[in-house]
Amino acid sequence: MMNTDEGIKWIINKLRTDQTPKGSWSYPFETGITTDAYMIILLRTLGINDEELIQGLVKRIISKQQQNGAWKLFYDEDDGNLTPTLEAYYALLYSGYYKKNDSRLVAAKKFILSNGGVENTNIFTKMLLAITGQYEWPSFSPFPVELILLPPSFPINFYQISVFGRSNIAPIMILAAKKYSKKTKNSPDLSDLLSQRESHTSWERSPEWISFLSFIEKEIKKLSEIPEQLHVKAIERAKTYMLERIEPDGTLYSYFSSTFLMIFALLALGYSKHDPHITRAVEGLKSMKTDIDGLPHMQYTTADVWNTSLISYALQNAGVSSDSPVIKQANHYLRTRQHYKFGDWVIHNPDSLPGGWGFSDIDTINPDVDDTTASLRAIARNVSSDSHDHEAWNRGLHWVISMQNHDGGWPAFEKNVNDKWIKLVPIEKGEFLLGDPSSADLTGRTLEFFGNYTNLSSSHSIIQKGSKWVLKHQENDGSWYGRWGICYLYGTWASITGLIAAGLPTSHSSIEQSITWIKSIQNHDGGWGESCRSDIQKTYIPLGTSTVTHTAWALDALIAAADKPTEEIQKGMTYLLTNLNKKDWTTDYPKGQGMAGGFYIHYHSYQYVFPLLTLANYQRKFINIAKKQ
């Protein structure tokens, strides 16, 4: 087992080695096999025979198949998941490298049919199937394109959907309005995956959603133009929305799903598959390819800014000088990625100038609060001595402050976008796609930034409002739900460290209750581990084994609240130091999420970042102080 100092040095050396020549860290943003499958389907539909890429993606997809023929979203997901299994089956057939009678596809088909067939997949998979001629569009549009015409001042409008939701829904609106479908001579026949073997012309919709659509229709009829003109105008506006938000690499908001949908929407509007908008979009998607264990993976987006900001401030927190080459190169990279353009965030935050940071390497118009505070932590030590950092700091700090929601918390991308009507939309877990509410993890991390890196007083109204929001949203058992991580450990870690940094005493009942909760779920080996099923069931579910990242979060929270090392801290440190370089399924287990029950993320950087932060905080608080005494 390493000691604390050896563990810190080991991680620092690993991170130094992995830094790219441009100063960033490009650890993979791994999200299962859905994007790999969609890329195969896209390339085959467009007639782009990139066989090296397709063969590599096929190998990766097959390597993830379970013994029963299914694919999973995470390790402990029972027997498997219908949606990715159908997507994998479709892609493998369309690739041309597997036939229906292959034993692996026979097993996959059996799993699909035994779990309800196409009808039980999520709405986005049904859209994929409809777009590519495998499933009929519903008789009604799931998202009426005329919604985009309602003004932002109207209580229900396109801009009350989150920016992530809009980026996907804009092309869906066009595709649904056109009922677009594109098959090729090589398209497989998936009709045998329909559980009832009949045509389906209506998709599930609730009475509340029907009422909601009727309300929209009435409001649209109040507009001056006749319905046909409105329909044409709405489609044109949806097209403009997409084209005006294309990033320099050709992708729509640098997201795989929205870019995939945009390509088909442009085809639906009559664009040639050779049009520069489409060819650049395809190349943009290809540029997001990464290699994992010798096989290609299509990333949903790149995470270079997020990786680099976290790693830069973690290294500095562990004692690496801000004047060292590794930090100088990292922070130079971060400065070049600060935003200077206005994005959709300004619609709900019109009094602020640009100054945030986005998530991906090529993001220019979609900043988020978490990346911005992480980037500000990275440059904080040079603000007083470097004019460039000073300017970047001021712009970023003002933007973060301006993004506080009316309820006191912080969102990810847009201010005050969390209308109740979103819950009526007939999309599984639609609140994750369509809303952008305050969350405990984002609010806690923002409070930690203000408390530890700025001169804002704990009595400042910004801090007070944020702290009240966090305290108000604590769960009955003492934990907090984390929106962007897995899950209660993530939210609780962020909330505890944020509240303490914001001036809440560790003797406060909320802190004491949360610390008791963390201690109560410690594993016998000293570590902690949480299942992705927590995210689905909205209650803490133990993983049954420990992971390094979950342990680092739990330990860091305990360290922040302790005056001296407790038994739980010591046991956790032993586990962490013993397993720093561990490589097994727990290393690859998702620690982040985008949509509960549908989209999970394995951040390859987390196994280094959070243990390093925790080890450094432990050493600084307990070992270094003891030496001084």
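In what follows, the accompanying structure is described. Every value quoted in this text rests on a predicted model; they were computed, and no experiment measured them. (Residues numbered from 1 in each chain as written. Predicted model: local features only at pLDDT ≥ 70, side-chain atom pairs only at ≥ 80, totals over all residues. Heavy atoms only, no water.)

## So, the overall build of the protein chain
For step 1, the next point in the chain: Helix and strand content of the protein chain: 25 helices and seven strands.
For step 2, the next point in the chain: The globule rule puts the C-alpha radius of gyration for 629 residues at 25 Å, and the 25 Å found for the protein chain is close to it.
For step 3, the next point in the chain: Overall, the C-alpha framework of the protein chain stretches about 75 × 60 × 45 Å when taken along its three principal axes.
For step 4, the next point in the chain: Burial analysis of the protein chain (629 residues in total) assigns 62% to the buried set.
For step 5, the next point in the chain: Nonlocal contacts in the protein chain, meaning residues at least 24 apart in sequence, comprise 73% of its contacts between residues at least 6 apart.
For step 6, the next point in the chain: Total accessible area on the protein chain is roughly 24200 Å²; 50% of this is exposed by carbon and sulfur atoms.
For step 7, the next point in the chain: Averaging the locations of the 62 positively and 66 negatively charged side chains of the protein chain gives two centres separated by 1 Å. (Helix = DSSP H or I, 4+ residues; strand = E, 2+ residues; numbered from the N terminus. Rg over C-alpha atoms; globule rule 2.2 N^0.38 Å. Buried < 20%, exposed > 50% of the residue type's maximum accessible area, 1.4 Å probe, protein only. Contact = heavy atoms within 4.5 Å. Areas by Shrake-Rupley, 256 points an atom, 1.4 Å probe, with all protein chains shown as cover. Lys, Arg positive; Asp, Glu negative; His and termini not counted. Charge placed at Lys NZ, Arg CZ, Asp CG, Glu CD.)

## Regarding the packing of aromatic side chains
For step 1, the next point in the chain: Evaluation of the coordinates by the stated rule reveals 39 aromatic pairs.
For step 2, the next point in the chain: Ring centres of Tyr-255 and Tyr-300 lie 5.8 Å apart, and the angle between their planes is 35°; this geometry places the pair in the tilted category. Residue Tyr-255 is found in the loop between helix H9 (227-243) and helix H10 (256-268), and its partner Tyr-300 is found in the loop between strand S3 (295-298) and helix H12 (304-317); the two are separated by 45 residues along the sequence.
For step 3, the next point in the chain: The buried category is assigned to Tyr-300, whose relative accessible area is 8%.
For step 4, the next point in the chain: Ring centres of Trp-585 and Tyr-589 lie 5.9 Å apart, and the angle between their planes is 75°; on these two criteria the pair is classed as edge-to-face.
For step 5, the next point in the chain: The class of Trp-585 is partly exposed, set by a relative accessible area of 27%.
For step 6, the next point in the chain: Grouped by ring-pair contacts, the aromatic residues Phe-29, Trp-306, Phe-359, Tyr-490, Trp-493, Trp-553, Tyr-603, Tyr-606 and Phe-610 constitute a single cluster.
For step 7, the next point in the chain: Above the ring of Tyr-313, the side-chain terminus of Arg-377 is found at 5.2 Å from the ring centroid.
For step 8, the next point in the chain: It is Arg-483 that lies over the ring of Trp-484; its NZ or CZ is 3.8 Å from the centre. (Phe/Tyr/Trp six-rings, centres within 6.5 Å; stacked < 30°, edge-to-face > 60°. Lys NZ or Arg CZ within 6 Å of the ring centre and 35° of its normal.)

## Some thoughts on the environment of Val-305
For step 1, the next point in the chain: As for its position among the elements, Val-305 is in helix H12.
For step 2, the next point in the chain: Sequence-wise, Val-305 and Phe-359 are 54 residues apart; in three dimensions their C-alpha atoms are separated by 5.3 Å.
For step 3, the next point in the chain: Other than its neighbours up to four places away in sequence, Val-305 contacts Tyr-333, Leu-334, Arg-337, Trp-357, Gly-358, Phe-359, Ser-360, Asp-371 and Ser-375.

## A short note on unusual backbone geometry
For step 1, the next point in the chain: At the junction of Ile-486 and Cys-487, the peptide bond is cis and its omega measures out at -15° in the coordinates.
For step 2, the next point in the chain: Mapped onto the secondary structure, Cys-487 falls in the loop between helix H18 (461-472) and helix H19 (488-501).
For step 3, the next point in the chain: Within the chain, Tyr-253 stands out as a residue other than glycine whose phi angle is a positive 60°.
For step 4, the next point in the chain: In this model, Asn-416 sits at a positive phi of 55°, which is unusual for a non-glycine residue.

## With respect to the side chain of Gln-593
For step 1, the next point in the chain: Assignment of secondary structure puts Gln-593 in strand S6 (residues 592-595).
For step 2, the next point in the chain: One polar contact links Gln-593 to Tyr-481, side chain to side chain, over a distance of 3.2 Å.
For step 3, the next point in the chain: Looking at Gln-593, its side chain comes within polar contact range of the main-chain oxygen of Arg-483, at 2.5 Å. (Polar contact = N/O pair within 3.5 Å; in protein donor to acceptor, adjacent residues only side chain to side chain.)

## Comments concerning the pattern of salt bridges
For step 1, the next point in the chain: Enumeration over the complete set of coordinates arrives at 23 salt bridges.
For step 2, the next point in the chain: Where Lys-239 meets Glu-236, a salt bridge forms, and the shortest distance between an N and an O atom there is 3.3 Å. Separated by three residues within a single helix, Lys-239 and Glu-236 lie in helix H9, roughly one turn from each other.
For step 3, the next point in the chain: A salt bridge links Asp-344 to Arg-245; the shortest N-O distance between them is 2.9 Å. One end of the pair, Asp-344, is in the loop between helix H13 (325-336) and helix H14 (369-379); the other, Arg-245, is in the loop between H9 and H10, and 99 residues separate them in sequence. Arg-245 shares its class with Asp-344; the two are buried.
For step 4, the next point in the chain: Among the charged side chains, a salt-bridge network with shared partners connects Arg-166, Glu-244, Arg-245, Asp-344 and Glu-414. (Salt bridge = Lys/Arg side-chain N within 4 Å of Asp/Glu carboxyl O.)

## Re H12
For step 1, the next point in the chain: For H12, which comprises 14 residues, the first-to-last C-alpha distance of 20 Å matches the rise-based estimate of 20 Å (1.5 Å per residue) to within 8%.
For step 2, the next point in the chain: One or two residues past the end of H12 sits Gly-319, with phi positive at roughly 110°. (Expected span 1.5 Å × (residues − 1).)

## Examining the sheet that holds strand S7 (residues 599-603)
For step 1, the next point in the chain: Overall, antiparallel pairing links the three strands, which are arranged S1-S7-S6 in an open sheet. The strands lining the two open edges of the sheet, one partner per strand, are strand S1 (29-30) and S6.
For step 2, the next point in the chain: Relative to S7, S1 runs antiparallel, the two sharing two bridges. In the sheet register, Glu-30 faces S7, and the bridge partner there is His-602. (Pairing = 2+ DSSP bridges.)

## Here's the deal with the packing of helix H17 (residues 440-453) against H18
For step 1, the next point in the chain: Following both chains from N to C, one finds H17 and H18 inclined at 145°, their axes separated by 10 Å at the closest point. Considering the relative orientation of H17 and H18, their crossing is left-handed. Contacts between H17 and H18 involve Ala-440, Thr-443, Gly-444, Leu-447 and Phe-450 on the former and, on the latter, Ile-462, Ile-463, Gly-466, Ser-467, Trp-469 and Val-470.
For step 2, the next point in the chain: In the contact of H17 with H18, the residues fall into seven nonpolar, four polar and no charged. (Axes fitted to C-alpha atoms, helices over the stretch in contact; angles between N-to-C directions. Left-handed = near helix turned anticlockwise from the far one by under 90°. Nonpolar A, V, L, I, M, F, W, Y, C, P; charged D, E, K, R; others polar.)

## Focus: helix H4 (residues 82-95)
The α-helix advances 3.6 residues per turn, and as a result positions three or four apart in sequence lie on the same side.
For step 1, the next point in the chain: With 14 residues, H4 ought to run about 20 Å at 1.5 Å a step, and its terminal C-alpha atoms sit 20 Å apart, in line with that.
For step 2, the next point in the chain: Most of H4 sits inside the fold, with 14 of its 14 residues counted as buried.
For step 3, the next point in the chain: N-capping of H4 is provided by Asn-81, with a side-chain oxygen placed 3.1 Å from the backbone N of Thr-83.
For step 4, the next point in the chain: Just beyond H4, the residue with positive phi is Gly-96, at close to 90°.

## Quick notes on the environment of Ile-623
For step 1, the next point in the chain: Its place among the elements puts Ile-623 in helix H25 (residues 606-628).
For step 2, the next point in the chain: Take Ile-623: its relative accessible area is 26%, and that puts it in the partly exposed class.
For step 3, the next point in the chain: A C-alpha to C-alpha distance of 60 Å links Ile-623 and Leu-46, two positions 577 residues apart in sequence.

## Focus: the pairing of strand S2 (residues 289-292)
For step 1, the next point in the chain: The alternating pattern of S2 places Thr-290 and Ile-292 on a buried face, while none of Lys-289 and Asp-291, on the opposite face, is buried.
For step 2, the next point in the chain: Examined bridge by bridge, S2 and S3 share four bridges and lie antiparallel to one another. Its bridge partner being in S3, Asp-291 is matched across the sheet by Pro-296.
For step 3, the next point in the chain: Connecting S2 to the antiparallel partner S3 that follows it, the hairpin turn spans two residues, and Asp-293 within it adopts a positive phi of roughly 55°.

## What to know about the environment of Arg-445
For step 1, the next point in the chain: Considering the arrangement of structural elements, one finds Arg-445 in helix H17.
For step 2, the next point in the chain: Placed 48 residues apart in sequence, Arg-445 and Trp-493 show a C-alpha to C-alpha distance of 9.1 Å.
For step 3, the next point in the chain: Once you skip the residues sitting within four places of it in the chain, Arg-445 turns out to touch Trp-306, Leu-310, Tyr-313, Asp-370, Arg-377, Tyr-490, Trp-493, Ala-494 and Phe-610.

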